[in-house]
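# Notes for the structure review
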Amino acid sequence: MEDRMIITGASAAFGPSLLALLGSLHANWPDHPNVIVYDIGLDEATLMELHRHGVCVRQVPAFCAHWNRHFAWKIWCLNDAPARQILWLDAGACVLAPLDEAFISIDKLGYFAVATHHPLTENASVAACRGCRLDPSFRNNRMTVAGCVMGFHKAGEAAPLLTEAMKVAGVEECLAATEPRHRHDQALLSLLLYKYFSPLLLADAANYMGWTSPQQVPCQQVWVHRRRMRPEDMAALAEHIGGPAAGYMPAEPEEKKPASLKEYYWQTLHRINRRRAKAAGKVWIYDGVRDPALGGNRHGGRKCA
């Protein structure tokens, strides 16, 4: 058991983003804790690059029938990580500055949690509440906690929380979304954080999970770009995996414009069809799988409701 550790996980679709995340840690947080990467379907090229740089990789087993859906694998990773204090970072994130205060929060409070500014009534299903042995009214007047950047003290008060999360996540209906805005692991962990630690002290969303750009707010520390980073910045950050380097600030993401009139036509038609489907009550419910190798598709892998 190590004292502090950073953990993340990725499939093949997030391979380049994963390498950029690791590079951003070396470039912008040179004395960061050790990192473990959890493999949920990485491609050979990414695995070879991780091996070349001595990055510890653990493969997530098929621990339940829905292990690769609804982000159930993330809860398994949180329980498996061999450290007393862990900080989870999504593979689609980029670290812009040291996050030592996150571990101070984990040490003093037992957790590190970031606000999403979305109500828990919108993001957590009734089944998730039932699985956590909570009345649905427990969601009222509470905000969902971000799942992309979060930390836990596994040797402290968060230990029973993670144990319960694993038990609940094993029941698919408690984790699966039944409405488009339900948020799987994020909703489950939010419910349990409030159950074990309420009232929560939540960190600023724009600073720790800024989503529009790496300069969304002054002195921003994390950019959750979700594969919107420029390819040249991803490549440059991946070059930093080998060791500490001077700080690196990625550029603003490019605004994606149609390359041709034909592409503009198909994009417009797609938006119209989505509005028609929504009006008819036919919506895609995201279940956390977009990687074709894991059985997903561009909608997220779920049937149209």
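## So, the nonpolar core
Side chains of a nonpolar character, in soluble globular proteins, are inclined to be buried together. Judged by nonpolar contacts, the single largest core of 48 residues is most densely connected at Ile7, Phe152, Leu191 and Leu193. For this core, the leading source of residues is helix α9 (residues 184–197), giving 8 residues. Once you skip the residues sitting within four places of it in the chain, Leu193 turns out to touch Tyr111, Ala113, Val145, Phe152, Leu161, Ser198 and Leu200.

## A look at the environment of Thr116
Take Thr116: it is sitting in strand β6 (residues 111–119). As for Thr116 and Val145, which are separated by 29 residues in sequence, their C-alpha atoms are 5.8 Å apart. Among residues more than four places away in sequence, those in contact with Thr116 are Met143, Thr144, Val145, Ala146 and Gln186. At 3.2 Å, the side chain of Thr116 forms a polar contact with the backbone nitrogen of His118. Only 2.8 Å separates the side chain of Thr116 from the backbone oxygen of Thr144, close enough to count as a polar contact.

## What about the packing of aromatic side chains?
In total, this model carries 7 aromatic pairs according to the counting rule given. For the ring pair Phe71 and Trp73, a centre distance of 6.0 Å and an interplane angle of 40° mean the geometry is tilted. By the burial criterion, Phe71 is buried, and Trp73 matches it. Its relative accessible area of 7% is what places Trp73 among the buried residues. An aromatic cluster is present here, built from Tyr38, Phe63 and Trp76 joined pairwise through their rings. Directly above the ring of Phe138 sits Arg142, whose terminal nitrogen or CZ lies 4.0 Å from the centroid. Positioned above the aromatic ring of Phe14, the side-chain terminus of Arg227 is 4.6 Å from the ring centre.

## As for the pattern of salt bridges
Should the charged atoms of two oppositely charged side chains come close, the side chains can pair. If you walk through the whole model with that rule in mind, you get 11 salt bridges. For Lys74, the salt bridge is made with Asp90, and the minimal N-O distance between the two is 3.2 Å. Here Asp90 lies in the loop between β4 (83–89) and β5 (93–95) and Lys74 lies in helix α3 (residues 72–80), a separation of 16 residues in the sequence. Taking relative accessible area as the criterion, Lys74 reaches 3% and is therefore assigned buried. Connected via shared salt-bridge partners are Lys74, Asp90, Asp185 and Arg226.

## Re the pairing of strand β2 (residues 34–39)
For β2, a buried count of 5 out of 6 residues is recorded, marking the element as mostly surrounded by other parts of the structure. For the segment spanning strand β1 (residues 2–10), helix α1 (residues 15–28) and β2, crossover handedness is right-handed. In terms of strand pairing, β2 meets strand β3 (residues 56–59) through 4 bridges, oriented parallel. Bridging from a neighbouring strand, Val37 pairs with Val57 of β3. The β-α-β motif built from β2, the intervening helix α2 (residues 44–52) and the parallel element β3 has right-handed crossover chirality.

The rules behind these values
Note that residues are indexed from 1 along each chain, following the sequence as it is written. The model is predicted, so local features are restricted to residues of pLDDT at least 70 and side-chain atom pairs to those at 80 or more, both for listing and for counting; the totals for chains, interfaces and linings are taken over all residues. Values shown for side chains rest on all heavy atoms present in the structure; no hydrogens or waters enter the calculation. Side-chain atoms within 4.5 Å link the members of a nonpolar core, which is a set of buried Ala, Val, Leu, Ile, Met, Phe, Trp, Tyr and Cys residues. The cut-offs for exposure are 20% and 50% of the maximum accessible area for each residue type, with area from a 1.4 Å probe on protein chains only; residues under the lower value are buried, those over the upper are exposed, and the others partly exposed. Only DSSP runs of H or I covering at least 4 residues are called helices, and only runs of E covering at least 2 are called strands; the numbering of each starts at the N terminus. Residue contacts are counted whenever heavy atoms from the two residues lie within 4.5 Å of one another. Here a polar contact is taken to be a pair of N or O atoms separated by no more than 3.5 Å, where protein atoms must pair a possible hydrogen donor with a possible acceptor and residues adjacent in sequence count only if both atoms sit in side chains. Here a Phe, Tyr or Trp ring, Trp counted by its six-membered ring, pairs with any other such ring whose centre lies within 6.5 Å, and the pair is stacked when the planes are under 30 degrees apart, edge-to-face when over 60, and tilted otherwise. The criterion is that NZ of a Lys, or CZ of an Arg, lies within 6 Å of the ring centre and within 35 degrees of the ring normal, and then a charge sits over that ring. Just to be clear on terms, a salt bridge is a Lys or Arg side-chain nitrogen sitting within 4 Å of an Asp or Glu carboxyl oxygen. We call a crossover right-handed when, viewed with the strands running away from us, the connection from the first strand over the helix to the second turns clockwise. For two strands to be treated as a pair, DSSP must find at least two bridges joining them.

Limitation: the analysis is restricted to geometry and does not speak to function.
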